[in-house]
Protein chains: 2
Amino acid sequence: MALVVQKYGGSSVADAACIKRVAQRIVATKKAGNDVVVIVSAMGDTTDELIDLAEQVSPLPPGRELDMLLTAGERISMALLAMAIANLGHEARSFTGSQAGVITDSAHGRARIIDVTPGRLRGALDAGSIAIVAGFQGVSQDTKDITTLGRGGSDTTAVALAAALNADVCEIYTDVDGIFTADPRIVPTARKIPEISYEEMLEMAACGAKVLHLRCVEYARRYDMPIHVRSSFSQKTGTWVGNRPNPNTAPETAAKDSEVEQPIISGVAHDRSEAKITVVGVPDKVGEAANIFKTLADAAVNIDMIVQNVSAATTGRTDISFTLPTTDAQNALSSLKKIQDRVGFESLLFDDQIGKVSLIGAGMRSHPGVSATFFGALAEAGVNIEMISTSEIRISVIVGQNEVDAAVTAAHRAFNLDADQVEAVVYGGTGR
Amino acid sequence: MALVVQKYGGSSVADAACIKRVAQRIVATKKAGNDVVVIVSAMGDTTDELIDLAEQVSPLPPGRELDMLLTAGERISMALLAMAIANLGHEARSFTGSQAGVITDSAHGRARIIDVTPGRLRGALDAGSIAIVAGFQGVSQDTKDITTLGRGGSDTTAVALAAALNADVCEIYTDVDGIFTADPRIVPTARKIPEISYEEMLEMAACGAKVLHLRCVEYARRYDMPIHVRSSFSQKTGTWVGNRPNPNTAPETAAKDSEVEQPIISGVAHDRSEAKITVVGVPDKVGEAANIFKTLADAAVNIDMIVQNVSAATTGRTDISFTLPTTDAQNALSSLKKIQDRVGFESLLFDDQIGKVSLIGAGMRSHPGVSATFFGALAEAGVNIEMISTSEIRISVIVGQNEVDAAVTAAHRAFNLDADQVEAVVYGGTGR
């Protein structure tokens, strides 16, 4: 008997009809002979509605109380899901994050999981029940207050419980069929990726692929917990992140592995949520860059890419550009202005009309010419590159925001990622 | 420093504006030098909306899951209330029933409180915080599952916590000014009762006065916890149930106590939610009545009034009539039909077009003629009495449902309960 952990997001449980359909899926998994633990998010827009209510009573609600409020959302969806399963003749028991043993630190709104003690879940499974757990929430070790995990919290709950229960697989259900080689809204010929390594998935998530959150992938990688990202609207195999536990479960891909080439590139990710700041005319002295980024770190600004050009010999000054979430930009700009005199830079340039396009693939390590092909494709598409940053399995470029679609499409085509007519054509799937 | 427990019902926290107003009231109580513990119900129609959702996914949801679902309602209101108080510059901490130490049995949907361990509330008070507690909910001692207390649960939570914390007063806020001598919608001249004993309040609640629930009054009586029922929309003194702790706090009533007579009647209550069943032609033998009521008890039917006439000498048979909640009627009728042959009664009569009108007052013990005046007033108003039942401090009659208003009005006038022009006229208030 396998232990399957399933996570259903808010769109999968948006209303009573959705909840009933998800219940059927869960019961089918149980009937197939598995123990099942389900992690569920709040229904559809519930969280936004609760935040709206909070804003009506207080412009800056205390974190402890905001967490208390928001956790009501999963409480509703998990109880309804347990009822719907009971209505199908199977016993289900719902558990809050606290009851499920999700122990966190006390950082309200962005708590980190520090321990998982799923004794009550084991008890429910031993009694033959399906366990339904509220995602996104836990209880603080020190204060015993209710906490929330912040963005991607439900995915992270799922992986953390799967790891603590030594589950065979953690299935993340979403409204798309899996991870694609590019956003299908931009590249209609994008293909579903059948398998992807944790490392590549981390780069995809960090570069804007929204299906899985960075944090959940990090957790899965640490505990080597395979994630199966799939659609709650179909029975198709989705994308396996990490090592697929049993290749025989997905014969349609295994059969065709020999037909395709070694993969070089897993996919093309993009992100329009960043802005670029350039610090112009920084004196080319030891420690100036450190000064700048220490200031930003103190202001809790998240930095993504950093580019520093060699200094112009004639001036002894250099420009430092970096990208950051647009939401952090005002904070960054005002922090930097405060140190302008001390550091002695000339000015600050700000641009929020940028986009990041990233090429991701473990294969690029051993394949020369990937960047040449990438940059060549962008040039041919008339896309100007503003910044470049690379890792061993990723090349990211910053381009104008209105050129993102063209850049993604060009890169996708240049690396032969476009699907054939048949959806089932297989790409990737070896050596990971 | 006094410890004040306040309970606000759903209509007092129906929306963000209501919550902000309640927050101001709580802060005013705190600023007046009191420690404050607040019990709050779910916002307005939240509970009904959640029940509606439950019905959409399951016709008969499991009690455990229904309780999990419904407790989300108070979670939302208490967090919002804590935020609103924080926004006024005072620290407030919200607690679920479980966190507040409300320990119950495992009867989901109608759990009884078996212990109260308010350690976390004391901690919050000691730290100078206002404690906000979810009403209506607790945690089962055996299974550690979330429970709800059923009807009147929030009032009961308030009284139970007030008793456990040894509070000075338990204030129950509602949308009316207090307990009235009759329903003001029927008798516009009804007066607010300034003080009433636990026993009379119990009879009032049992006879249909909806402001306080029977259960909460029973709890208050057992622990001798004074309840102050008052409006959340005004600053007026409401009705004190039990012994008012300090008469000086309500000078407007103390000043006029000498102007009025000894009270005889506290008020007139009515109830339209009952039905009447008559078992016709019961053989007048020992044990037949016991058979009938044992059958009803086994079917978990709640019986209110019972009347048996003397048997007609010629037939050796008698009729037994009883009243019960209309919702239990079908169950009662089918249970009785099953024993018809064994008991040998002739037929069953059913009437759901009845109403109960009750006269309540400790004073009637020592005042002869109360029933004569009562029945006389009804006769004069043309109201036919179908059944009569009495206790030491109550006389109840069953009348036709469309005669309830006339009966209440006539009784209210007959016992001089009508208010003078001035609202502040005082009635009652001695010897309790």
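All values derive from a computational prediction rather than experimental measurement. (Residues numbered from 1 in each chain as written. Chains lettered and ligands numbered in written order. Predicted model: local features only at pLDDT ≥ 70, side-chain atom pairs only at ≥ 80, totals over all residues. Heavy atoms only, no water.)

A few points about the UniProt feature "binding site: substrate" (unreviewed entry) in chain A
Residue and element names in this part refer to chain A.
Next, step 1: In the numbering adopted here, UniProt assigns the feature "binding site: substrate" (unreviewed entry) to Thr47 and Glu74. Across 28 residues of sequence, these annotated residues stay compact in space, with a maximum C-alpha separation of 8.9 Å.
Next, step 2: Relative to the assigned elements, threonine 47 resides in helix H2 (residues 46-57).
Next, step 3: Looking at threonine 47, the relative accessible area reads 23%, which means it is partly exposed.
Next, step 4: Setting aside anything within four residues of it in sequence, one finds threonine 47 in contact with Ala42 and Leu70.
Next, step 5: Relative to the assigned elements, glutamate 74 resides in helix H3 (residues 63-87).
Next, step 6: Glutamate 74 sits in the buried class, given a relative accessible area of 2%.
Next, step 7: Not counting chain neighbours up to four residues away, the residues in contact with glutamate 74 comprise Val40, Ser41, Ala42, Ala134, Gly135, Phe136 and Gln137. (UniProt positions renumbered as here; feature names shortened; annotations may be inferred. Helix = DSSP H or I, 4+ residues; strand = E, 2+ residues; numbered from the N terminus. Buried < 20%, exposed > 50% of the residue type's maximum accessible area, 1.4 Å probe, protein only. Contact = heavy atoms within 4.5 Å.)

Looking at the nonpolar core
Nonpolar side chains in soluble globular proteins tend to end up buried together.
Next, step 1: A:Leu81, A:Ile132, B:Leu81 and B:Ile132 are the most contacted members of the largest nonpolar core, which totals 70 residues.
Next, step 2: Among residues more than four places away in sequence, those in contact with A:Ile132 are A:Val38, A:Val40, A:Met78, A:Leu81, A:Ala82, A:Ile85, A:Ala92, A:Arg93, A:Ser94 and A:Phe95. (Core = buried A, V, L, I, M, F, W, Y, C linked by side-chain atoms within 4.5 Å.)

A few points about the interface of chain A and chain B
Next, step 1: Taken together, the 41 residues of chain A in the interface contact 41 residues of chain B.
Next, step 2: A buried area of about 3,300 Å², summed over both sides, lies between chain A and chain B, and 63% of it is on carbon and sulfur atoms.
Next, step 3: Of all residues in chain A, the largest losses of buried area upon contact with chain B belong to A:Val57, A:Arg75 and A:Met83, amounting jointly to 23% of the total for that side.
Next, step 4: On inspection of chain A and its partner chain B, the count reaches four salt bridges.
Next, step 5: With a closest N to O distance of 3.2 Å, B:Asp145 and A:Arg93 form a salt bridge.
Next, step 6: Linking chain A with chain B are 18 residue pairs in polar contact (both at pLDDT 80 or more).
Next, step 7: The set of elements that each furnish at least two residues to the side of chain A that touches chain B consists of helix H1 (16-31), H2, H3 and strand E3 (92-95) of chain A.
Next, step 8: Across the side of chain A that touches chain B, the residue classes tally to 25 nonpolar, eight polar and eight charged. (Buried area = accessible area lost by both parts, 1.4 Å probe. Salt bridge = Lys/Arg side-chain N within 4 Å of Asp/Glu carboxyl O. Polar contact = N/O pair within 3.5 Å; in protein donor to acceptor, adjacent residues only side chain to side chain. Nonpolar A, V, L, I, M, F, W, Y, C, P; charged D, E, K, R; others polar.)

Digging into the environment of A:His90
Residues and elements named next belong to chain A.
Next, step 1: Here histidine 90 shows up in the loop between H3 and E3.
Next, step 2: For histidine 90, a relative accessible area of 21% puts it in the partly exposed group.
Next, step 3: Residues histidine 90 and glycine 128, 38 residues apart in the sequence, show an inter-C-alpha distance of 9.0 Å.
Next, step 4: If sequence neighbours within four positions are ignored, histidine 90 has contacts with Val27, Lys30, Lys31, Ile85 and Ile130.

Digging into the packing of aromatic side chains
Next, step 1: Tallied over the entire structure, the rule returns eight aromatic pairs over all chains.
Next, step 2: Ring geometry for B:Tyr8 and B:Tyr173: centres 4.6 Å apart, planes at 10 degrees, overall stacked. With B:Tyr8 in strand E1 (residues 3-8) and B:Tyr173 in strand E9 (residues 169-174), the pair connects residues that are 165 residues apart, well separated along the chain. Assigned by exposure class, B:Tyr8 and B:Tyr173 land together as buried.
Next, step 3: One cation-aromatic arrangement involves A:Arg64 over B:Phe95; the distance from NZ or CZ to the ring centre is 5.1 Å. (Phe/Tyr/Trp six-rings, centres within 6.5 Å; stacked < 30°, edge-to-face > 60°. Lys NZ or Arg CZ within 6 Å of the ring centre and 35° of its normal.)

Details of the sheet that holds strand E16 (residues 317-325) of chain A
Residue and element names in this part refer to chain A.
Next, step 1: Pairing is antiparallel in the open sheet, where four strands are placed in the order E15-E16-E14-E17. Edge positions in the open sheet fall to strand E15 (306-308) and strand E17 (347-351), since each of these has one partner strand only. Adjacent strand axes in the sheet meet at a mean angle of 15 degrees when their direction is disregarded.
Next, step 2: As judged from the three bridges shared by E15 and E16, these two strands associate in the antiparallel manner. Its bridge partner lying in E16, isoleucine 306 is registered against phenylalanine 322.
Next, step 3: Across the sheet, helix H9 (residues 288-298) is in contact with strand E14 (274-283), E15 and E16; its angle to E16 comes to roughly 25 degrees. (Pairing = 2+ DSSP bridges. Axes fitted to C-alpha atoms, helices over the stretch in contact; angles between N-to-C directions.)

Examining the side chain of B:Asp145
Next, step 1: Checked against the element boundaries, B:Asp145 lands in the loop between strand E7 (137-140) and strand E8 (146-148).
Next, step 2: B:Asp145 gets classed as buried once you look at its relative accessible area, which sits at 2%.
Next, step 3: A polar contact of 3.0 Å, which involves the side chain of B:Asp145, links it to the side chain of B:Arg64.
Next, step 4: Excluding residues within four positions of it along the chain, B:Asp145 makes contact with A:Arg93, A:Arg120, B:Arg64, B:His108, B:Gly138, B:Val139 and B:Ser140.

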